[in-house]
Amino acid sequence: MGVPNVGKSSLINALAGKNRAKTGRTPGVTQHQQWIKLANDIELLDTPGIMVPGSLDKERTLRLGLCHIIKQKLLGTTYLCEYLLYQLIKNDKLDKLSHYKIENPKTDITGLLAQVAEARGCIKPGGEPDSEQASLILLKDYSDGKLGRLILDEAEPAPLPEDLNIIWV
Ligand SMILES: Nc1nc2c(ncn2[C@@H]2O[C@H](COP(=O)(O)OP(=O)(O)O)[C@@H](O)[C@H]2O)c(=O)[nH]1
Ligand SMILES: [Mg+2]
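Residues numbered from 1 in each chain as written. Chains lettered and ligands numbered in written order. Predicted model: local features only at pLDDT ≥ 70, side-chain atom pairs only at ≥ 80, totals over all residues. Heavy atoms only, no water.

## So, the overall build of the protein
The helix and strand tally for the protein stands at six helices and two strands. For the protein, the succession of helices and strands along the chain, N to C, is α-β-β-α-α-α-α-α. Considered along the principal axes of its C-alpha atoms, the protein spans approximately 60 × 55 × 35 Å. Out of the 169 residues in the protein, the part that is buried amounts to 33%. The contacts in the protein between residues at least 6 apart in sequence include a share of 44% that link residues at least 24 apart. Accessible surface for the protein amounts to roughly 11600 Å². Of this, 53% is attributable to carbon and sulfur atoms. Here the protein carries 21 positive and 21 negative side-chain charges, and the mean point of each set is 8 Å from the other. (Helix = DSSP H or I, 4+ residues; strand = E, 2+ residues; numbered from the N terminus. Buried < 20%, exposed > 50% of the residue type's maximum accessible area, 1.4 Å probe, protein only. Contact = heavy atoms within 4.5 Å. Areas by Shrake-Rupley, 256 points an atom, 1.4 Å probe, with all protein chains shown as cover. Lys, Arg positive; Asp, Glu negative; His and termini not counted. Charge placed at Lys NZ, Arg CZ, Asp CG, Glu CD.)

Set out below in C-alpha cells:
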C-alpha cells in the first residue's frame, strides 16, 4: 500500500520477474486490486494508491502535484509551474532554465511560459505562444530530471534521541 505513483506496481513486477502489473508515470494507472503470483506459493496484491484522508494545505498539495501523486490536470498545470518557478528561485536554481536556451528567463510565470513556448515552437494558429503546452513541457522536464534535482520539502535535521551518548575518540 502507498500513495499513488511511488512504484508499488513496479516493485511487484521486479519481484515477480515479469511485467504483470500495469505501471505508468501518472497516478491512477492501477485501477483494481490484482493478485500476482511469485514463486514458492507467495502472492502479492497490487492495489490502487491511497491518500491520507482529509484536506492537505496548499503547499503540500502543490508538492504532491509536481511529483504526480495528485493528478496535475486537477490542480492546473500553469499553477503548478508557478510553484515550480517559486522553488527554482528559492533554491537559487534559475540557471537550470538554460535547458531551454532562453536568454534572460522571466521570473513571472506568464512571461516564462511564453518564452518556453517560443523556444519549443508551441505557437497557436493566431501566432500567440501556447502557454498551456509550454506548462506541460516544463512539468515533464522537471519530472524527467532535466531541470536538475530539486528537493521540494523543507529538510529539517532529525532530532537526536535523548538517551544518545556520544563518545569522542
Ligand atoms: N526512477 C525510478 N522510477 C521508478 C521506480 N519505480 C517506479 N518508477 C517509475 O515511477 C512511475 C510510477 O510507478 P508505478 O509502479 O506505476 O507506481 P504505483 O502507482 O505506486 O503503482 C513509473 O513511471 C515507474 O516507471 C524507481 O525505483 N526509480
Ligand atoms: Mg500501481
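Text resumes after the structure shown.
## A word on the coordination of the magnesium ion (ligand 2)
Each protein donor to the magnesium ion (ligand 2) is listed here as Ser-9 (OG) and Thr-30 (OG1); together their distances run 2.0 to 2.1 Å. You can see Ser-9 sitting in helix α1 (residues 8-16) and its partner Thr-30 sitting in the loop between α1 and β1 (34-37), a full 21 residues away along the chain. By the burial criterion, Ser-9 is buried, and Thr-30 matches it. (Donors = N, O, S within 2.8 Å, 3.2 Å for Na, K, Ca; no water.)

## Brief notes about the state of the cysteines
Summed over all chains, the structure comprises zero disulfides. Cys-81 carries a free sulfur, and the closest cysteine sulfur to it, the one in Cys-122, is 12 Å from it. Taking the relative accessible area as the measure of exposure, Cys-81 reaches 0% and is therefore buried. (Disulfide = S-S within 2.5 Å.)

## Considering a nonpolar patch on the surface
Among the surface-exposed residues, Leu-160, Leu-164, Ile-166 and Trp-168 lie close enough to one another that they form a single nonpolar patch of about 530 Å² accessible area. Here Leu-164 shows up in the segment after α6 (131-143). (Patch = residues over 30% accessible without salt bridge, like charges linked within 9 Å, V, L, I, M, F, W, Y side chains within 5 Å. Salt bridge = Lys/Arg side-chain N within 4 Å of Asp/Glu carboxyl O.)

## A few points about the domain arrangement of the protein
Here the protein is described as being made up of domain 1 (8-46) and domain 2 (58-143). Placing a centre on the C-alpha atoms of domain 1 and another on those of domain 2 gives a separation of 33 Å. (Domains from an automatic or database assignment.)

## So, the pattern of salt bridges
Evaluation of the coordinates by the stated rule reveals six salt bridges. Between Glu-154 and Lys-90 there is a salt bridge, with its nearest N and O atoms 2.7 Å apart. In this pair, Glu-154 sits in the segment after α6 while Lys-90 sits in helix α4 (residues 77-90), placing the two residues 64 residues apart along the sequence. Here the salt bridges do not stand alone but share partners, grouping Glu-59, Arg-63, Lys-90, Asp-153 and Glu-154 into one network.

## Focus on the nonpolar core
The biggest cluster of nonpolar side chains holds 25 residues, and the ones touching the most others in it are Leu-66, Tyr-100, Leu-112, Val-116 and Leu-138. Once residues within four sequence positions are removed from consideration, Leu-66 is found in contact with Gln-72, Leu-80, Tyr-83, Leu-84, Leu-139, Tyr-142, Ser-143 and Leu-152. With five residues, the next largest nonpolar core counts Ile-12, Ala-16, Ile-36 and Leu-38 among its residues. (Core = buried A, V, L, I, M, F, W, Y, C linked by side-chain atoms within 4.5 Å.)

## As for the packing of helix α2 (residues 58-66) against α4
Two elements in contact, α2 and α4, have axes separated by 10 Å at closest approach and are oriented at 95°. Judged on the interaxial angle alone, α4 and α2 are roughly perpendicular. Between α2, through Lys-58, Glu-59, Leu-62, Arg-63, Gly-65 and Leu-66, and α4, the contact on the second element is made entirely by Tyr-79, Leu-80, Tyr-83, Leu-84, Tyr-86 and Gln-87. For the contact of α2 with α4, the class distribution of residues is seven nonpolar, two polar and three charged. (Axes fitted to C-alpha atoms, helices over the stretch in contact; angles between N-to-C directions. Parallel < 35°, antiparallel > 145°, perpendicular 65-115°, else oblique. Nonpolar A, V, L, I, M, F, W, Y, C, P; charged D, E, K, R; others polar.)

## Brief notes about the pairing of strand β2 (residues 43-46)
Where β1 and β2 come together, four bridges link them in antiparallel fashion. In the strand pairing of β2, Gln-34 is matched with Asp-46. (Pairing = 2+ DSSP bridges.)

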